[in-house]
Amino acid sequence: QKEVEQNSGPLSVPEGAIASLNCTYSDRGSQSFFWYRQYSGKSPELIMFIYSNGDKEDGRFTAQLNKASQYVSLLIRDSQPSDSATYLCAVQQETSGSRLTFGEGTQLTVNP
Amino acid sequence: GAGVSQSPSNKVTEKGKDVELRCDPISGHTALYWYRQSLGQGLEFLIYFQGNSAPDKSGLPSDRFSAERTGGSVSTLTIQRTQQEDSAVYLCASSQGAGGAPKYFGPGTRLLVL
């Protein structure tokens, strides 16, 4: 079992829809969770982080964390073509210090 | 201000040669990370520097890999006796403070070992 799993996609949504990106993790002691966006040929950029169970909203982005289910998700409201990218989920485990374990990413395409 | 810079942007080398990759973090950032990304894969942690503390080298895949950070600023990742499986994009990132996530990534060095 991979430590951090994401559906590779591609996930395709129409412009204006809600895109839902999901991530599960295996280490129950994981404490911090991050979402990165990576445009094709570019470096990742940190867009959201969440530490506590529940929802965290930032503009059109909402991160959701459920530690009991070992599940973290990213919702993108009113999706735009400019949101088309690969989204990487990363987990900071309790014993790993500042080391993040990344999933392989979900490719999102928003169709105009 | 300037972001994280890396050089070279591309490097092609022959199997068995040594390579050096350089990272200039954002000025004042105490945390510096090296990750690598193989085609279609997530990021793989290599090493983490925080201030004057001993680096976390737990992600280095073999003793052919080493890294140093001079004066708390510039970092160099060295790969000795390169192998084809070392081919990847090597990404450097920096952040302020300790204990957080890599926040600002550089453009990466694309390494191809023939």
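Right above here is the structure, for reference.
An account of the accompanying structure is given in this report. In this text the structure is predicted, and so the values were computed from the model without any measurement. By convention here, each chain's residues receive numbers from 1 onward along its written sequence. Chain letters and ligand numbers both follow the written order, the letters beginning at A and the numbers at 1. Totals for whole chains, interfaces and linings use every residue, but because this is a predicted model, local features are given only for residues with pLDDT of at least 70 and side-chain atom pairs only at 80 or more, for both listing and counting. The basis for every side-chain value is the complete set of non-hydrogen atoms in the structure, without hydrogens or water.

**What to know about the nonpolar core**
Applicable threshold: Remark: nonpolar core denotes a set of buried residues (Ala, Val, Leu, Ile, Met, Phe, Trp, Tyr, Cys) joined through side-chain atoms within 4.5 Å. Relative accessibility decides the category of a residue: with a 1.4 Å probe and only protein chains considered, values under 20% of the type maximum give buried, values over 50% give exposed, and everything between is partly exposed. For helices the rule is a DSSP run of H or I covering at least 4 residues; for strands it is a run of E covering at least 2, with both sets numbered from the N terminus onward. Residues count as neighbours in contact if any of their non-hydrogen atoms are within 4.5 Å of one another.
By size, the foremost hydrophobic cluster in this structure holds 24 residues, and its most contacted members are A:W35, A:V72, A:L74, A:I76 and A:Y87. Of all the elements in the fold, those that place two or more residues in this core are β3 (19-25), β4 (32-38), β5 (45-50), β7 (61-66), β8 (71-76), β9 (85-92) and β11 (106-111) of chain A. The residues touching A:L74, leaving out its near neighbours within four places in the chain, are A:A19, A:S20, A:L21, A:W35, A:I47, A:M48, A:F61, A:T62, A:A63 and A:Y87. Counting 20 residues, the second largest nonpolar core, distinct from the first, contains B:W34, B:A88, B:L111 and B:V113.

**Observations regarding the packing of aromatic side chains**
Using the following cut-off: Paired rings are identified among Phe, Tyr and Trp, the last through its six-membered ring, by centres lying within 6.5 Å, and are further divided according to the angle between planes into stacked (under 30 degrees), edge-to-face (over 60) and tilted (the rest). We call a charge positioned above a ring when the Lys NZ or Arg CZ atom is no farther than 6 Å from the ring centre and deviates by at most 35 degrees from the ring normal.
Tallied over the full model, the rule gives nine aromatic pairs over all chains. Taking the centre distance of 5.3 Å and the plane angle of 45° together, the rings of A:Y36 and A:F102 count as tilted. Here A:Y36 is found in strand β4, whereas its partner A:F102 is found in strand β10 (residues 100-102), with 66 residues between them in sequence. Overall, the relative accessible area of 8% leaves A:F102 in the buried class. These aromatic residues form a ring-pair network of at least three members: A:Y36, A:F102, B:Y35, B:F45 and B:F105. If you follow A:K56 out to its NZ or CZ, it ends over the ring of A:F49, 3.4 Å from the centre. A cation over an aromatic ring shows up here: A:R60 above the ring of A:F61, its NZ or CZ 5.6 Å from the ring centre.

**Observations regarding the sheet that holds strand β7 (residues 75-79) of chain B**
Residues and elements named next belong to chain B. Just so we agree on the cut-off: The pairing criterion is simple: DSSP has to find at least two bridges between the two strands. Between the N-to-C directions of two axes lies an angle of 0 to 180 degrees, each axis being a line fitted to C-alpha atoms and, for a helix, fitted only over the stretch in contact.
Taken in spatial order, the four strands of this open sheet run β1-β3-β7-β6, and their pairing is antiparallel. Both outer strands of the open sheet, β1 (5-7) and β6 (65-69), are each paired with one neighbouring strand and no more. The average undirected angle you get between the axes of adjacent strands in this sheet is 15°. The pairing of β6 with β7 spans five bridges and is classified as antiparallel. Across the sheet, residue E68 finds its bridge partner in β7, namely T76.

**Looking at the pairing of β11(A)**
For a regular strand, the rule is simple: side chains alternate between the two faces of the sheet. Residues and elements named next belong to chain A. Side-chain alternation along β11 places T106, L108 and V110 on a buried face and Q107, T109 and N111 on a face that remains uncovered. The sheet contact formed by strand β2 (residues 11-14) and β11 spans four bridges and is parallel. The residue bridging L11 from the neighbouring strand is L108, located in β11. Where β9 meets β11, three bridges bridge the pair, whose relative direction is antiparallel. Within β11, the position partnered with A85 by the bridge is L108.

**A few points about unusual backbone geometry**
Geometrically, the link from A:G9 to A:P10 is a cis peptide bond, its omega value of 10° lying close to zero. Looking at where A:P10 falls in the secondary structure, it is placed in the loop between β1 (4-6) and β2. The omega torsion of the bond from B:S7 to B:P8 falls at -10°, within 30 degrees of zero and hence cis. Inspection of the secondary structure puts B:P8 in the loop between β1 and β2 (10-13). A positive phi angle, close to 55°, is found at A:Q70, a residue other than glycine.

In short, shape yes, function no, at least from these values alone.
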